[in-house]
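Listed below, chain by chain, are the residues.
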Amino acid sequence: MKVFNQIGILLGVWAAGELVSQFIKNIISIPGSILGMIILFLLLQFKVISEEKIKDVADFLLGNMGIFFVPAGVSLIQSLGLIKENAILLLSCIILINIAVMIGCGKSVDFMIKLKEKKETKSKQEIA
C-alpha cells in the first residue's frame, strides 16, 4: 500500500504540472512534466512533502532510469540519415557550445574566487 501512495503522490504532482501547463500555454509553453518536477522540488524544499513519502518509488525510478532512454535511442537510430546529412553542422555546434560552456564556467569560477578573496580581505581588515 505504501508504494501505491508514493506512486499516487508522484502522479498527482505530475498531473498538477500538466494542469498548470494547460493554464499557461498561451503565455509560455513549458511541458507539464517539467513543471511537475519544479512543483515536486518546491514541495520537497519547503518540507510540504517529506523525502520518505516518495523515497522507495523515486529510488526505483532512478535505479532504472536507463530504460527510459531506450525510446529516445531508437528514435535517434531511425533519424540516422538526417543526422548524417547534417553531421558537420551538428559537430560544429557541439564544439562551439562546449567551448562556450568551458569559457562561461571558467569566468564564473574566476569571478567567484575574486569575490571570495575580496570578502576575506574585507573581514581581515575589520578584525585588525
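Relevant structure appears above.
Thresholds applied
- Numbers given to residues run from 1 along each chain, matching the order in which its sequence is written.
- Totals for whole chains, interfaces and linings use all residues, but because this is a predicted model, local features are given only for residues with pLDDT of at least 70 and pairs of side-chain atoms are given and counted only at 80 or more.
- Side-chain metrics rest on all non-hydrogen atoms present in the structure, leaving aside hydrogens and water.
- Between N-to-C directions, angles cover 0 to 180 degrees, with each direction set by a line fitted to C-alpha atoms, over the stretch in contact for helices.
- Helix and strand labels come from DSSP, where a helix needs a run of H or I of at least four residues and a strand needs a run of E of at least two; each type is numbered from the N terminus.
- When describing relative orientation, an angle under 35 degrees is termed roughly parallel and one over 145 degrees roughly antiparallel, while 65 to 115 degrees is termed roughly perpendicular and anything else oblique.
- The contact criterion used throughout is that any non-hydrogen atoms of two residues lie within 4.5 Å.
- Amino acids are sorted into nonpolar (Ala, Val, Leu, Ile, Met, Phe, Trp, Tyr, Cys and Pro), charged (Asp, Glu, Lys and Arg) and polar (every other residue, Gly among them).
- Each residue gets one of three labels from its accessible area relative to the maximum for its type: buried under 20%, exposed over 50%, partly exposed in between, using a 1.4 Å probe on protein chains only.
- One less than the residue count of a helix, multiplied by 1.5 Å, gives the span that helix is expected to have.
- It is the directions from the helix axis to the C-beta atoms whose arc is reported.
- Two kinds of site are reported from a 1 Å grid over the protein atoms alone, namely cavities, where a 1.4 Å probe fits but cannot get out, and pockets, open sets with protein on both sides within 12 Å along at least five of seven lines, and residues are called lining when an atom falls within 4 Å of a point.
- Grid points are joined across faces, edges and corners, and a volume is the space filled by probe spheres set on the points.
- Exposure above 30% relative accessible area and no salt bridge define the residues that can form patches, which grow by joining like charges within 9 Å and nonpolar side chains of Val, Leu, Ile, Met, Phe, Trp and Tyr within 5 Å.
- To measure how exposed things are, a 1.4 Å probe is used in the Shrake-Rupley method; for residues, cover is taken only from the protein chains shown.
- Think of a salt bridge as a Lys or Arg side-chain nitrogen and an Asp or Glu carboxyl oxygen that are within 4 Å of each other.

Student: Can you explain the packing of helix α1 (residues 2–23) against helix α3 (residues 55–63)? Please cite residues and give values.
Tutor: At a minimum axis distance of 8 Å, the contact between α1 and α3 shows a crossing angle of 75°. Relative to α3, the element α1 is oriented roughly perpendicular. Judged by residue contacts, K2, V3, Q6, I7 and L10 of α1 engage K55, D56, V57 and L61 from α3. A per-class count over the contact of α1 with α3 returns 5 nonpolar, 1 polar and 3 charged.

Student: Summarise the environment of I113; cite the residues concerned and give the values.
Tutor: Checked against the element boundaries, I113 lands in helix α6 (residues 87–127). By relative accessible area, I113 is classed as partly exposed at 43%. Each C-alpha atom of the pair I113 and L42 lies 30 Å from the other, and the pair is 71 residues apart in sequence.

Student: Quick one: what's the story with α1, residue by residue and with numbers?
Tutor: Between its first and last C-alpha, α1 extends 32 Å over 22 residues, near the 32 Å set by a 1.5 Å rise per residue. Q6, L10, V13, G17 and S21 are the residues of α1 that are buried. All buried residues of α1 project into a common sector of 85° when viewed along the axis, lining one side. In α1, the exposed positions angled more than 90 degrees off the buried face are occupied by F4, L19 and F23.

Student: Which residues make up the layout of surface pockets, and what values go with them?
Tutor: The calculated volume of the largest pocket comes to roughly 320 Å³. Surrounding the largest pocket, L10, L11, V13, W14, S33, G36, M37, L40 and L61 form its lining. Elements with a contribution of two residues or more to the lining of the largest pocket: α1 and α2 (32–45). Counted by class, the lining of the largest pocket contains 7 nonpolar, 2 polar and no charged residues.

Student: Before we move on, could you go through the environment of K118 and cite the residues and values that matter?
Tutor: Mapped onto the elements, K118 comes out in helix α6. Residue K118 is classed as exposed on the basis of its relative accessible area, which comes to 63%. Expressed as a C-alpha distance, the spacing of K118 and K47, which sit 71 residues apart in the sequence, is 35 Å.

Student: Kindly report on a nonpolar patch on the surface, identifying the contributing residues and their values.
Tutor: On the surface, L90, L91, I94, I95, L96, I99, M102 and I103 cluster together into a nonpolar patch covering about 800 Å² of accessible area. Relative to the helices and strands, I94 is located in helix α6. The exposure class assigned to I94 is partly exposed, which follows from its relative accessible area of 48%.

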